[in-house]
Structures are given as C-alpha cells and as structure tokens.
Amino acid sequence: AKHGSDGATVVFHAQMEAELIEQAKLEQQLVEALDRREIKAAFQPVVDARSGDLCGVEALARWNSESGPIAPDVFIPVAERAGLIGILGSQILEEAVAQGSRWPGLHIAVNVSPLQLRNRYFAGGLKATLDKFGFEPNRLTIELTEGVLISNADQAKRSISEIKALGIKVALDDFGSGFASIGSLRQFRFDRVKLDKSLVANIEHDAQAAKVLDATIKLVNALGVPVTVEGIENRHQAEFARQAGSHQLQGYWFSKPLSKEELAERFLRRDCL
Ligand code: C2E
Ligand code: CA
Ligand code: CA
Ligand code: CA
C-alpha cells in the first residue's frame, strides 16, 4: 500500500509541475504578445430583437499566437493572475474606442475584469482614452461580471460610481450563471443586464429551462433594467427571448464575433434606436 500511495504522489507532483511550467510559458508568451500588440479585438453584433438591426457591438479579445489561436477563457485568467489584465484591458479598450470613433453612432461594449476596477486610476484612464479619440461616453458600455459584486471591494465600488459619473454605461454580464442576486441588481443600478448563455441553451427541448429564461427576463425588466440575451443560436431562441421581453439579442444566430473589416462590410449600413 505504501508503495502504491507513494507512486500516486509522484504522479500528482509531476502533473502539477507540468501544469505550472505550462502556465509560466503561457505567461511569458502573453507578455511578448502584449508587447507586440498581438491581441486584437473582435466585434460581435448586438441586434434589436424586433427588427434585427444592429444596435452595437461587443469587443472580445482574440489572440492568434504562433502556436495557433488561444481562447480568452484560457488567457484572461492567466493575465489576471500574472498582473497583466490592466495592460491587456487597456489595449482592447483603446482598439475598440479607436475603431468605434470611425463608426458613427455605434454603441461599443468592452469587458472589464473586476481586478481592473481595483485600480483607483481606472476611471481616469477610461476618460483619457475617450478624450483621445473624441468618443462620446454614452456610446460606451463597460461589462462587469458578478465577481465585482461578491468581492465587495470599496475601490471597485468607487470606480463604478466614477465610471457612471462620466456618463459611461455599466452592464452586469453573465447574469444567471452564478450568485448575483436580485438585491445586488438593485443596489448597483446597472444600465443593462446581460443574461448568460447557459440560460438559453436547450430551451427548445427543456420546458423548465424555458420557464426560467422567461421569468428571469421579466424579473430584470420589472426592476426597470433593459435585458440583452446572449448565446442565441437559432430562430426559436430568438423569438422566445423577444416575446419574453428582451429588446436586444446576441449570438451566433445573428453573427459570430467579426474582424473590423468583416463588421464594416456586413453590418455598418443600418441604424438602430
Ligand atoms: P462573455 O463576455 O460572456 O462573451 C460572450 C462569449 O460567448 C464570447 O466568447 C462569444 O464569442 C461567445 N458567444 C457569442 N455568441 C455565442 C453563441 O451563440 N453561442 C455560444 N456558445 N457562444 C457564443 P469568447 O470570445 O471566447 O470570450 C469568453 C469570455 O472571455 C468572455 O465571455 C469574457 O468573459 C472574456 N473576455 C473576452 N474578451 C475579454 C476582454 O477583452 N477583457 C476581459 N476582461 N474579458 C474578456
Ligand atoms: Ca461580455
Ligand atoms: Ca456574457
Ligand atoms: Ca462569460
């Protein structure tokens, strides 16, 4: 028995060590990628649920590394752990705002890590970027995940107030995927709530899931907060979310995230209120 458990321990250590080395490599790659500005923004359309017209876009970080594309769900946590999320976030923000200033009237949403909000210069940096490109604050939305609610960090709350005071909109992202409560929705007075794609997945096959989505949309609307449903992959889901009261929709059914050239070519001729 002793022999066996020792063997298992050795395997365990070897695995952990391999993972740590992998992480360290990725971190080093990320440092270089940021240095060379290789992480780019893709833009996913958000559409009006009735007309299908473009309302705005969400900027999503894309990294085509030398060894192939790496997903944000992989490199964002690495950036957060390595203290690189501030740099990454400001590069994406700058690209999104620079690009957005060439697309008159279009609304732009940018994802911001809760860690970025703990920097007391965050709101000031945002304002500087908007000023640099002459981008109207009310055309920018900052998307925050519930991590920011849980951590209860005073500086994060201060940053949110400052962002709102600048006239920038603040959205709660991924609602319904975790712990964010109705109470926190009321406390923070978000300008918009984005429902997580897990609430949409499977509603066409699961009557209970459909009821939960319907109720959640109505609940957020009842608090007076506009809803965007994400992860819409088919006509049924789009129609269901619209009828439940979601005015804005996003998902592969309308468009995957696009390069700025693709977006301009395919979407930028229409208007949306
Ligand atoms: P998110 O903010 O919830 O973004 C939506 C994700 O859903 C994106 O994944 C998007 O490509 C994907 N998606 C869009 N439509 C559909 C659909 O119909 N079906 C399915 N299954 N997925 C859909 P992506 O681009 O891989 O990003 C993953 C997450 O990484 C984002 O989730 C966000 O939390 C984070 N992220 C991405 N870019 C940034 C960034 O610049 N800064 C920060 N802090 N986080 C980012
Ligand atoms: Ca988002
Ligand atoms: Ca989301
Ligand atoms: Ca997410």
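Residues numbered from 1 in each chain as written. Chains lettered and ligands numbered in written order. Predicted model: local features only at pLDDT ≥ 70, side-chain atom pairs only at ≥ 80, totals over all residues. Heavy atoms only, no water.

As recorded by an unreviewed UniProt entry, the protein carries the name Diguanylate cyclase (GGDEF)-like protein and is attributed to Aminobacter aminovorans.

Caption draft 1: Focus on unusual backbone geometry. Positive phi, close to 45°, is recorded for R189, a residue that is not glycine. Mapped onto the fold, R189 is located in the loop between α8 (182-188) and β7 (192-195). Notably, N202 is not glycine yet its phi reads approximately 80°, a positive angle. In this structure N202 comes out as partly exposed when scored by relative accessible area, which is 43%. (Helix = DSSP H or I, 4+ residues; strand = E, 2+ residues; numbered from the N terminus. Buried < 20%, exposed > 50% of the residue type's maximum accessible area, 1.4 Å probe, protein only.)

Caption draft 2: Molecular detail of the coordination of the calcium ion (ligand 3). At 2.1 to 3.1 Å from the calcium ion (ligand 3) lie its protein donor atoms, namely D173 (OD), D174 (OD), E230 (OE) and E230 (OE). Mapped onto the sequence, the residues coordinating the calcium ion (ligand 3) show the spacing D-D-x55-E. Taken as a pair, the calcium ion (ligand 3) and the calcium ion (ligand 2) lie 4.0 Å from each other and share D173 as a ligand. Of this pair, D173 sits in strand β6 (residues 169-175) while E230 sits in the loop between β8 (227-229) and α10 (235-244); the two residues are 57 residues apart in sequence, bridging distant segments of the chain. For D173, a relative accessible area of 6% translates into the label buried. (Donors = N, O, S within 2.8 Å, 3.2 Å for Na, K, Ca; no water.)

Caption draft 3: Representation of the coordination of the calcium ion (ligand 4) in the model. At 2.6 to 3.1 Å from the calcium ion (ligand 4) lie its protein donor atoms, namely D174 (OD) and D174 (OD). In this structure, the calcium ion (ligand 4) lies 5.8 Å away from the calcium ion (ligand 2). With respect to the helices and strands, D174 occurs in strand β6.

Caption draft 4: Region of interest: the site of ligand 1. The environment of ligand 1 is formed by 21 residues, the closest being Q44, R62, K197, E233 and Y252. Contact distances for ligand 1 include 3.2 Å between an oxygen atom and a side-chain N or O atom of E58. Separating an oxygen atom of ligand 1 from a side-chain N or O atom of N111 is a distance of 3.0 Å. Assessed atom by atom at 2 Å from the grid points, ligand 1 resides in the largest pocket. Of all the secondary-structure elements, those providing two or more residues to the shell around ligand 1 are β2 (54-65), α2 (72-81) and β6. The element best represented in the shell around ligand 1 is β2, accounting for 4 residues. Here the shell around ligand 1 is composed, by residue class, of 8 nonpolar, 5 polar and 8 charged. (Near = heavy atom within 4 Å. Polar contact = N/O pair within 3.5 Å; in protein donor to acceptor, adjacent residues only side chain to side chain. 1 Å grid on protein atoms, 1.4 Å probe; cavity = no way out; pocket = protein on both sides within 12 Å on 5 of 7 lines; lining within 4 Å. Sits in = over half its atoms within 2 Å of the grid points. Nonpolar A, V, L, I, M, F, W, Y, C, P; charged D, E, K, R; others polar.)

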